[in-house]
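# Commentary on secondary and tertiary structure
Letter by letter, the chains look like this.
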Amino acid sequence: MPDKKKFYITTAIAYTSRKPHIGNSYEIVLTDAIARYKRLQGYDVFMLTGTDEHGQKIEEYAKAANVTPKEYVDKIAEEIKAICDLLGTSYDKFIRTTDDYHEKVVQKIFKKLYEQDDIYKGTYEGMYCTPCESFWTESQLVDGKCPDCGREVKPAKEEAYFLRLSKYQKQLEEFIESNENFIYPEARKKEMLNNFIKPGLQDLCVSRTSFKWGIPVDFDDKHVVYVWLDALSNYITAIGYDPDGSSEQYKKYWPADVHIIGKDIVRFHTIYWPIMLMALGEPLPKQVFGHPWLLFGEDKMSKSRGNVIYADDLVELLGVDAVRYYLLSEMPYTSDGSITYETIIERYNSDLANTLGNLVNRTIAMQNKYFDGVICEPSASEEVDENLKQFADDTVKKVEKCFETYRVADAIESIFNLAKRSNKYIDETMPWALAKDNKQKQRLGTVLYNLLETIRYIAVLLSAFMPETSEKIFNQMNCNIKDYKSLETFGATKAGTKVGTAQALFARIDAEKMLTDIAKKQESAAAEHSSKPEIEGLAQITFDDFAKVELRVAEITSCEPIKKAKKLLKIMVNDGSSQPRQIVSGIAPWYKPEDLIGKSVVIVANLKPAKLCGEMSNGMLLAGDVSEEDVKVLFVEGMPAGTKIR
């Protein structure tokens, strides 16, 4: 037999700053669906994921948590890996950039590039964004802030090593323009060429001296290897690249067939990474696919907004495959997707419980009721059957076409359209009516055969997206014909097989009850965040940081409890402005509303508004955690409403 065609696919490695929310988890599920589909097609697939564990941010987080950087990243890496496993992802390797083999090869890569003069020592002076770990020139800033994340930057000057991006600019530009599928979608390609490459590439800082948590430059121990040379190299170190002689695995799988990454890091993967590979004399990846973001409603997720959704919480509510289905079906191809509990439950009930679950359940039930579960030969066909068969065959082709450009949401929509068409076929053929006429026994057997075969098509195709559900369908059908090749011709289901017992794939959710339970949990979390902010350590701030917070004296004019929220009070204050201000605060366990009216307090006046328990909160009261069981509001006297605190 000839060797299988290889397919090497990777995610971006997750940064070990904190537990990832559901928006971060979209990428691993998307990549897994592509990997599973390629395996289904017969490819020899290698899927890589992992964690990015070095850098100044990690050093600061670890210090605040009073642990070593290694202890900090060990904990977060374990959480990230656990979520990958929970979501049923079939990665072949999970790399950590603190793995010994990775660190050693990165040192060799750095030294090789230095010795061939693609890396040189210099001094960096510019503006630095700590969250992005990126240097910027004044001209690159947007409104004086980081062009990537919009946060504040600060002047920085230090000795550093640089990678000669400028040396390879023309070569990279020619490569991108002559390889039209290298950057997907097309809009990302135009952005890279017009906004970054053609205006001129500046050499890239690839080492730092201002922190220590990184891979040491072995010939200059003042320096550690800077994030992108370290992190991006994982795609080749994981499969055995070594400048002194690479493994057979590397020779087999490289170049990567596709890097699946977020749209915010396309620049690093289509400019920095290709140039590193050019300098090393290695082939470039075949494709980089930059997917959009998954938002909560229209907002990014954050703890302070109380809108963070974690994968493990969703799985506990809905199950693994329901979460996978929502993530894969709801994300548009180029624009950002949206997730809310309301839409998740709506899609669960309409698509999973009604369309798919009902189709499988009633078909298996009818096969048992009318034929004692034994599948009949399809010996009494009619014209309506041909339409269903053609729809099934066309679905396979549509899914295949969608995967050519990673239109995964469109692929899964095609599969569910086949389920809808099957439900329509039931209405068209009316098996319950056929069952009443003994002369229609063969016709009834044929109708149920066609339904079972179509359901088998659905189960085979769904195995890439919803593997657990796919297996449940096969088990109920008592079918082991699961290979992709079996979809070439309609009719592989074996007559004479006895199906199993019909069981609900997805039980309908009581939307009102579940949303009420979720709201209670959110209220509790928001109140906890309001009254006891999570501070694991004391990170130093500058005067400029403090100056961003506007503190004002405000007089409480009215106060009342919020129904169904034991910890929250709705407070109206006069802060010296023309309009009253509403604040929601989690101080109900310690204060009665009547005790607060008329008191003057200090508020954070420029805090971004947030909705807590259905009420908008436009600010925050200052209070002190006297003990674990006691919180005291900071009252002031002798200062009129509107007085600024400096």
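A quick note: this is a predicted structure, and the numbers were derived from the prediction, not measured. (Residues numbered from 1 in each chain as written. Predicted model: local features only at pLDDT ≥ 70, side-chain atom pairs only at ≥ 80, totals over all residues. Heavy atoms only, no water.)

### Describing the overall build of the protein
- Within the protein one finds 21 helices and 26 strands.
- Dimensions along the principal axes, computed over C-alpha positions, put the protein at roughly 95 × 75 × 40 Å.
- Per-residue burial for the protein yields a buried fraction of 52% across its 646 residues.
- In the protein, which carries 84 positive and 97 negative side-chain charges, the distance between the mean positions of the two groups comes to 3 Å. (Helix = DSSP H or I, 4+ residues; strand = E, 2+ residues; numbered from the N terminus. Buried < 20%, exposed > 50% of the residue type's maximum accessible area, 1.4 Å probe, protein only. Lys, Arg positive; Asp, Glu negative; His and termini not counted. Charge placed at Lys NZ, Arg CZ, Asp CG, Glu CD.)

### Focus: helix H14 (residues 383-404)
- For H14, built from 22 residues, the straight-helix expectation of 32 Å at 1.5 Å per residue is met to within 8% by its first-to-last C-alpha distance of 33 Å.
- For H14, the full list of buried residues reads Asp385, Leu388, Lys389, Ala392, Asp393, Thr395, Val396, Val399, Cys402 and Phe403.
- Elements in contact with the buried residues of H14: helix H1 (22-40), helix H15 (408-429) and helix H17 (441-462).
- Of the residues one or two after H14, tyrosine 406 is the one with positive phi, at around 60°. (Expected span 1.5 Å × (residues − 1). Contact = heavy atoms within 4.5 Å.)

### Quick notes on the packing of aromatic side chains
- Applying the stated criterion to the full structure yields 29 aromatic pairs.
- Summarising the aromatic geometry, the rings of tyrosine 8 and phenylalanine 46 are spaced 5.8 Å apart at their centres and angled 70° between planes, so their arrangement reads as edge-to-face. Of this pair, tyrosine 8 sits in strand E1 (residues 6-11) while phenylalanine 46 sits in strand E3 (residues 44-52), and the two are 38 residues apart along the sequence. This pair shows no difference in class: tyrosine 8 is buried, exactly as phenylalanine 46 is.
- Grouping aromatic residues by their ring pairs yields a cluster made of Tyr8, Phe46, Tyr235, Tyr241, Tyr250, Tyr253, Trp254 and Trp273.
- Seen from the ring of phenylalanine 635, lysine 599 lies directly overhead, with NZ or CZ sitting 4.7 Å from the centre. (Phe/Tyr/Trp six-rings, centres within 6.5 Å; stacked < 30°, edge-to-face > 60°. Lys NZ or Arg CZ within 6 Å of the ring centre and 35° of its normal.)

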